[in-house]
Amino acid sequence: MVYPIVIYGDPVLRKTAEDISKDYPELPKLISDMFETMHAANGVGLAAPQIGKAIRLFVIDTSKMEDDEPGIRKAFINAEITEESEDEWKFEEGCLSIPGIRDKVERPEEIRIKYLDENFKKYDEVFDGIAARVIQHEYDHIEGVLFTDHLTAFKKNLIKGKLTALSKGEVDAAYPYKVYTGKKR
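So, how was this worked out
Residue positions are given per chain, counted from 1 along the sequence in the order it is written. At least 70 in pLDDT is required for a residue's local features to be given in this predicted model, at least 80 for side-chain atom pairs to be given and counted, and no such filter applies to totals for whole chains, interfaces and linings, which use all residues. The side-chain quantities take in all heavy atoms of the structure and omit both hydrogens and water. Pairing of aromatic side chains requires ring centres within 6.5 Å, counting the rings of Phe and Tyr and the six-membered ring of Trp. Pairs whose planes differ by under 30 degrees are stacked, by over 60 edge-to-face, and all others tilted. In this text, helices come from DSSP runs of H or I with a minimum length of four residues, and strands from runs of E with a minimum of two, each type numbered from the N-terminal end. Partly exposed describes any residue whose relative accessible area lies between the buried limit of under 20% and the exposed limit of over 50%, with all areas from a 1.4 Å probe on protein chains only and scaled to the type maximum. Any two strands with at least two DSSP-identified bridges between them are counted as paired. Lines fitted to C-alpha atoms define the axes here, with helix axes fitted over just the stretch in contact, and angles between the N-to-C directions of these axes take values from 0 to 180 degrees. Should any heavy atoms of two residues lie within 4.5 Å, those residues are considered in contact. Only residues above 30% relative accessible area that lack a salt bridge enter a patch, with like-charged residues linked at up to 9 Å and the nonpolar side chains Val, Leu, Ile, Met, Phe, Trp and Tyr linked at up to 5 Å. For every accessible area listed, the method is Shrake-Rupley and the probe measures 1.4 Å; residues are considered covered only by the protein chains on display. The rule for a salt bridge is simple: a side-chain nitrogen of Lys or Arg has to be within 4 Å of a carboxyl oxygen of Asp or Glu. Charge counting treats Lys and Arg as positive and Asp and Glu as negative, with His and both chain ends excluded. Charge coordinates come from a single atom per side chain, which is NZ of Lys, CZ of Arg, CG of Asp or CD of Glu. Helix span is expected to be 1.5 Å times the residue number reduced by one.

**Q** Just checking my understanding: could you explain the packing of aromatic side chains for this structure?
**A** For any two aromatic rings, the description comes down to two numbers: the centre-to-centre distance and the angle of the planes. In total, this model carries five aromatic pairs according to the counting rule given. A ring pair is formed by Phe76 and Phe127, whose centres lie 6.1 Å apart and whose planes are at 65 degrees; its orientation type is edge-to-face. Of this pair, Phe76 sits in strand β4 (residues 73-84) while Phe127 sits in strand β8 (residues 122-128); the two residues are 51 residues apart in sequence, bridging distant segments of the chain. Residue class for Phe127 comes out buried when judged on its relative accessible area of 8%.

**Q** Would you take a moment to explain the sheet that holds β4 for this structure?
**A** Across a sheet, paired strands are connected by hydrogen bonds in the backbone, their directions being either parallel or antiparallel. Overall, antiparallel pairing links the five strands, which are arranged β2-β3-β4-β7-β8 in an open sheet. Here the strands that pair on one side only, and so sit at the sheet edges, are β2 (45-47) and β8. In this sheet, neighbouring strand axes are inclined to one another by 40 degrees on average, regardless of whether the strands run parallel or antiparallel. In this structure, strand β7 (residues 110-116) lies alongside β8, joined through seven bridges in antiparallel fashion. Residue pairing in the sheet places Lys114 in a bridge with Asp124 of β8. Along the sheet, helix α1 (residues 27-40) contacts β2, β3 (57-61) and β4; its crossing angle with β3, the most-contacted strand, is approximately 45 degrees. Running at roughly 155 degrees to β3, helix α2 (residues 129-142) makes contact with β2, β3, β4, β7 and β8 of the sheet.

**Q** Is there a simple way to think about a negative patch on the surface in this case?
**A** Together, Glu84, Glu86, Asp87, Glu88, Glu106, Glu109, Glu110 and Asp128 give the surface a local cluster of negative charge. As for its placement among the helices and strands, Glu110 is situated in strand β7.

**Q** What exactly am I supposed to notice about unusual backbone geometry here?
**A** The phi torsion of most residues other than glycine is negative, and most of the peptide bonds are trans. For Asn42, which is not glycine, the phi torsion reads 60 degrees and is therefore positive. Mapped onto the secondary structure, Asn42 falls in the loop between α1 and β2. By relative accessible area, which is 60% here, Asn42 ends up exposed. A positive phi angle, close to 50 degrees, is found at Asn78, a residue other than glycine. Mapped onto the elements, Asn78 comes out in strand β4.

**Q** I'm lost on α1 in this one. Help?
**A** A turn of α-helix holds 3.6 residues, and therefore any two residues three or four places apart point the same way. With 14 residues, α1 should reach 20 Å at 1.5 Å per residue; the first-to-last C-alpha distance of 20 Å fits that figure. For α1, every residue scored as buried is listed here: Leu27, Leu30, Ile31, Asp33, Met34, Phe35, Thr37 and Met38. Lining the buried residues of α1 we find β1 (5-6), β2, β3 and β4. Remark: Asn42 follows α1 within two positions and exhibits a positive phi of approximately 60 degrees.

**Q** Could you clarify how one ought to interpret the pattern of salt bridges in this entry?
**A** Where charged atoms from two side chains of opposite charge approach closely, those side chains can pair. With the rule as written, the count across this model stands at twelve salt bridges. Between Glu83 and Arg112 there is a salt bridge whose closest N-O contact spans 3.9 Å. Pair noted here: Glu83 is in strand β4 and Arg112 is in strand β7, with a separation of 29 residues, a long-range link. One salt bridge connects Arg107 with Glu93, and the closest N-O pair in it is separated by 2.7 Å. Placement of the pair is Arg107 in strand β6 (residues 103-108) and Glu93 in strand β5 (residues 88-93), with a sequence separation of 14 residues. You can call Arg107 buried: its relative accessible area is 3%.

See below:
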């Protein structure tokens, strides 16, 4: 099932997501649906808040981005970044919840992250390069942070009008989306 993507302006995108347990309702189907939703929107990552669920779950598939590598396809549950390298690099990012806006974001080159996979097996791994970037972007979503929060004040001012337009429903996206109307979920 392809979920509609929640667009900028929805409060769920600013919430710190809650941990989930092994018995979360229909978790395997939700993870499968998140991969399907991400691929349908031509994304490389998708966090549960982007489909309206304030839970600590995100999926990534970097196979489209990594030319000489097979890429990484994983689900991350209850993730926690425990270390970040001091070396940072800029790379252009976009977001399915903020269609039409892209900009360069500086992020640590390498991270260490603890997480559970879809079988609730524990991992403590180090990622670098594109994988680390995508993980950090999606991890930000479960912390209530958007890539635009990392931009300079000048850049934020330049896109302010576009963000306001998105929050009012002026969206141009080639995938299903949902604009916040102010009504409670």
